[in-house]
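So you can see what is in the structure, the chains are spelled out below.
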Amino acid sequence: MQKHAKFAEETPFTYIHDPYSTTISTSKYANKSIAIMGFGLTMIDVMRMLTTCQGGRFKTKEDGLFLSYLNSDADPKCIIPYSLDGLPSVPKPYSRKIDDCFMPSKAQKEEFERNVKRAMALKADHFLLEDLLEALSVIALEIYGTLNKAVPDAPTKALVLSWLKDASTTSTLFLDKTLPIRTYILETIKMAMGKAPYTLDYVIGQVWRHMQPTMYRLFAYPAISTSTMKALIDVDERTKRYSFDPPVESMLQLLALIDAGLIITTHLDSPEISKTDKGWCFKKNNTSIYADVLINSIIANPDLEDMDSPLLHTLKSQNLLQPVAKGLGAKTNRMAIADNASNAPLYIIGRNAKGSVLGVDAILECFSRDIEVWANYFIHKL
């Protein structure tokens with residue numbers, strides 16, 4: 001990121017590191033070519049800052065579903081998103097009725113929790129992740145079978161496990177990642193609206209999302225090895241394209257901007273990037289495109305070793321704060337209310353504690369029991 005900032009300082013071009021800076025929505029980008037680093041939820045927010053915040057608007061087409069984009073004079077010339085794999089976020093089910101189709105039953109959730117707790121209590125913990133993934137695979141297969149009774153090729157637990165462990169796993173039961181990006185987005189929208197058969201990856205992703213609250217409870221300050229916790233976090237990160245999914249409306253807007261020619265998708269997947277006197281150059285399949293502005297939309301992982309705030313730096317230098325593991329946040333314990341607060345250990349909550357807890361990014365965790373404990377503690381002390 002620093003190299004992009006340095007390039008911008010030495011040239012007429014612009015680099016914006018903070019995607020939620022007011023600079024984006026208040027600056028003028030008419031006829032500018034803008035590249036966006038990342039193709040996830042934050043990119044969608046930036047996309048709106050560059051369009052609807054500049055006076056553009058979306059209009060529902062006559063079919064009552066799809067959108068068209070009505071541009072404004074302040075629109076940029078084009079928007080060029082790119083990422084490591086070039087794959088978009090997958091929209092969440094359109095309605096509660098559709099979403100309920102992916103909701104595990106109370107019995108399934110209880111069985112899952114029993115299996116995981118049994119593995120945590122009785123086995124060496126390097127078996128724990130395998131047991132968890134197997135328990136979730138059973139639920140996903142049952143729900144997939146209910147939703148796709150007419151599918152001739154029934155999936156196996158081995159296939160589900162393979163996909164959870166390795167996102168590059170391929171099968172005719174998964175949505176084809178080699179589809180043109182517009183087609184891929186359209187197919188995910190159809191599934192989200194219940195207008196197309198559900199692919200196995202879509203079902204697994206939605207089931208994982210519904211099981212996250214249970215997993216968040218089970219893996220808050222768990223007595224397991226850091227390697228197992230990191231492996232579980234890795235799986236959770238791989239499923240985020242499905243479990244941290246945007247609403248259908250967001251993907252319809254993305255589709256409308258692609259159709260309007262404002263969003264360019266030819267350089268989505270890991271383009272070669274160089275700095276030139278024309279700006280940032282993105283090269284893919286022997287075709288180059290240039291950007292005057294580069295906006296970062298990738299929210300960095302909470303890696304304690306990379307955090308450089310003065311407070312955290314001081315705590316680390318005094319050995320009062322250690323990472324759970326390389327690439328993760330701070331090691332901490334569950335908070336307890338104590339009268340002698342001055343003698344209490346240091347407690348951290350939220351993203352910076354990733355690894356001590358599993359659930360740090362979900363909105364639902366903003367209203368968890370741990371947050372209540374913190375709030376009650378400070379009310380008590382005040």
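Refer to the structure printed above.
Just so it is clear, the structure is predicted and the values come from calculations on it, not from any experiment.

### Looking at the overall build of the chain
And then number 1: From N to C terminus, the chain includes 14 helices and 9 strands.
And then number 2: Here the C-alpha radius of gyration of the chain, 23 Å, is about what a compact globule of 382 residues would show, namely 21 Å.
And then number 3: Expressed along its principal axes, the backbone C-alpha trace of the chain runs to roughly 60 × 60 × 40 Å.
And then number 4: For the chain, the residues scored as buried account for 48% of the 382 residues in total.
And then number 5: Taking the intrachain contacts of the chain between residues at least 6 apart in sequence as the baseline, contacts between residues at least 24 apart amount to 72%.
And then number 6: Surface summary for the chain: the accessible area is close to 19400 Å², and the carbon and sulfur share equals 53%.

### So, unusual backbone geometry
And then number 1: Within the chain, Asn-31 stands out as a residue other than glycine whose phi angle is a positive 65 degrees.
And then number 2: Mapped onto the fold, Asn-31 is located in the loop between α2 (22–26) and β2 (33–37).
And then number 3: Judged by relative accessible area, Asn-31 falls into the exposed class, the value being 64%.
And then number 4: Of note, the phi angle at Asn-286 is positive, near 65 degrees, even though the residue is not glycine.
And then number 5: Following the sequence through the fold, Asn-286 ends up in the loop between β7 (279–284) and β8 (287–291).

### Concerning the packing of helix α5 (residues 106–122) against helix α9 (residues 200–218)
Packed helix pairs are characterised by how far apart their axes lie and by the angle those axes make with each other.
And then number 1: Interaxial distance between α5 and α9 falls to 11 Å at its minimum, and their mutual angle equals 30 degrees. If you check the angle between α5 and α9, you find them roughly parallel. The way α5 lies across α9 gives a crossing that is right-handed. Residue-level contacts link Lys-109, Phe-112, Glu-113, Val-116, Lys-117 and Met-120 of α5 to His-210, Met-211, Thr-214, Met-215, Arg-217 and Leu-218 of α9.

### A short note on the pattern of salt bridges
And then number 1: Summed over the entire model, instances satisfying the criterion amount to 15 salt bridges.
And then number 2: Close ionic contact of Glu-111 with Arg-114 constitutes a salt bridge, the shortest N to O distance being 2.6 Å. Taken together, the residues Glu-111 and Arg-114, both in helix α5 and 3 residues apart, mark about one turn of the helix.
And then number 3: Glu-237 serves as the salt-bridge partner of Lys-354, at 2.3 Å between the closest nitrogen and oxygen. In this pair, Lys-354 sits in the loop between α13 (310–317) and α14 (369–381) while Glu-237 sits in helix α10 (residues 226–238), placing the two residues 117 residues apart along the sequence.
And then number 4: Given the relative accessible area of 27%, Glu-237 is considered partly exposed.
And then number 5: What emerges from the salt-bridge pattern is a single network uniting Asp-99, Arg-209 and Asp-245.

### Regarding the packing of aromatic side chains
And then number 1: By the definition in use, this model includes 10 aromatic pairs.
And then number 2: With a centroid separation of 5.0 Å and 70 degrees between ring planes, the pair formed by Phe-7 and Trp-280 is classed as edge-to-face. Here the residue Phe-7 occupies a position in helix α1 (residues 2–9), and Trp-280 occupies one in strand β7, the gap between them amounting to 273 residues. Side by side, Phe-7 and Trp-280 carry an identical accessibility label, which is buried.
And then number 3: Following the ring pairs from residue to residue traces out a cluster consisting of Phe-7, Phe-13 and Trp-280.
And then number 4: Positioned above the aromatic ring of Phe-244 is the side chain of Lys-240, whose terminal nitrogen or guanidinium carbon lies 5.1 Å from the ring centre.

### Focus on the pairing of β7
Consecutive side chains of a regular strand alternate in pointing toward one face of the sheet and then the other.
And then number 1: Sheet analysis places strand β6 (residues 272–276) next to β7, joined by 5 bridges and oriented antiparallel. In the strand pairing of β7, Thr-276 is matched with Gly-279.
And then number 2: Adjacent in sequence and paired antiparallel, β6 and β7 are bridged by 2 residues.
And then number 3: The turn joining β7 and β8, which pair antiparallel and follow one another in sequence, is formed by 2 residues; a positive phi near 55 degrees is taken by Asn-285.

### Side note on the sheet that holds β6
And then number 1: Sheet architecture is open: 3 strands sit in the order β6-β7-β8, paired in antiparallel fashion. Strands at the two margins of the open sheet, each flanked by one partner only, are β6 and β8. Between one strand and the next, the sheet's axes are offset by a mean angle of 25 degrees, whatever the strand orientation.

### Quick look at the sheet that holds strand β1 (residues 14–16)
And then number 1: Spatially, the 4 strands line up as an open sheet ordered β1-β9-β2-β5, and their pairing is parallel. Whereas interior strands pair on both sides, the edge strands pair on one side only; in this sheet they are β1 and β5 (78–82). Taking the axes of each pair of neighbouring strands and ignoring which way they run, one obtains an average angle of 15 degrees across the sheet.
And then number 2: Relative to β5, β2 runs parallel, the two being bridged by 5 bridges.

### Side note on the side chain of Ser-21
And then number 1: On the secondary structure map, Ser-21 appears in the loop between β1 and α2.
And then number 2: Using a relative accessible area of 18% as the deciding quantity, one classes Ser-21 as buried.
And then number 3: A polar contact of 2.9 Å, which involves the side chain of Ser-21, links it to the side chain of Thr-23.

### Section: the packing of α5 against helix α6 (residues 128–147)
And then number 1: The interhelical angle for the contact between α5 and α6, taken along N-to-C directions, is 165 degrees, at an axis separation of 8 Å. Relative to α6, the element α5 lies roughly antiparallel. Considering the relative orientation of α5 and α6, their crossing is right-handed. Residue-level inspection shows Gln-108, Phe-112, Asn-115, Val-116, Ala-119 and Met-120 of α5 in contact with α6, the latter providing Leu-128, Asp-131, Leu-132, Ala-135, Leu-136, Ile-139, Glu-142 and Ile-143.

Conventions and cut-offs
- Residues numbered from 1 in each chain as written.
- Predicted model: local features only at pLDDT ≥ 70, side-chain atom pairs only at ≥ 80, totals over all residues.
- Heavy atoms only, no water.
- Helix = DSSP H or I, 4+ residues; strand = E, 2+ residues; numbered from the N terminus.
- Rg over C-alpha atoms; globule rule 2.2 N^0.38 Å.
- Buried < 20%, exposed > 50% of the residue type's maximum accessible area, 1.4 Å probe, protein only.
- Contact = heavy atoms within 4.5 Å.
- Areas by Shrake-Rupley, 256 points an atom, 1.4 Å probe, with all protein chains shown as cover.
- Axes fitted to C-alpha atoms, helices over the stretch in contact; angles between N-to-C directions.
- Parallel < 35°, antiparallel > 145°, perpendicular 65-115°, else oblique.
- Left-handed = near helix turned anticlockwise from the far one by under 90°.
- Salt bridge = Lys/Arg side-chain N within 4 Å of Asp/Glu carboxyl O.
- Phe/Tyr/Trp six-rings, centres within 6.5 Å; stacked < 30°, edge-to-face > 60°.
- Lys NZ or Arg CZ within 6 Å of the ring centre and 35° of its normal.
- Pairing = 2+ DSSP bridges.
- Polar contact = N/O pair within 3.5 Å; in protein donor to acceptor, adjacent residues only side chain to side chain.

Geometric values such as these leave the question of function open.
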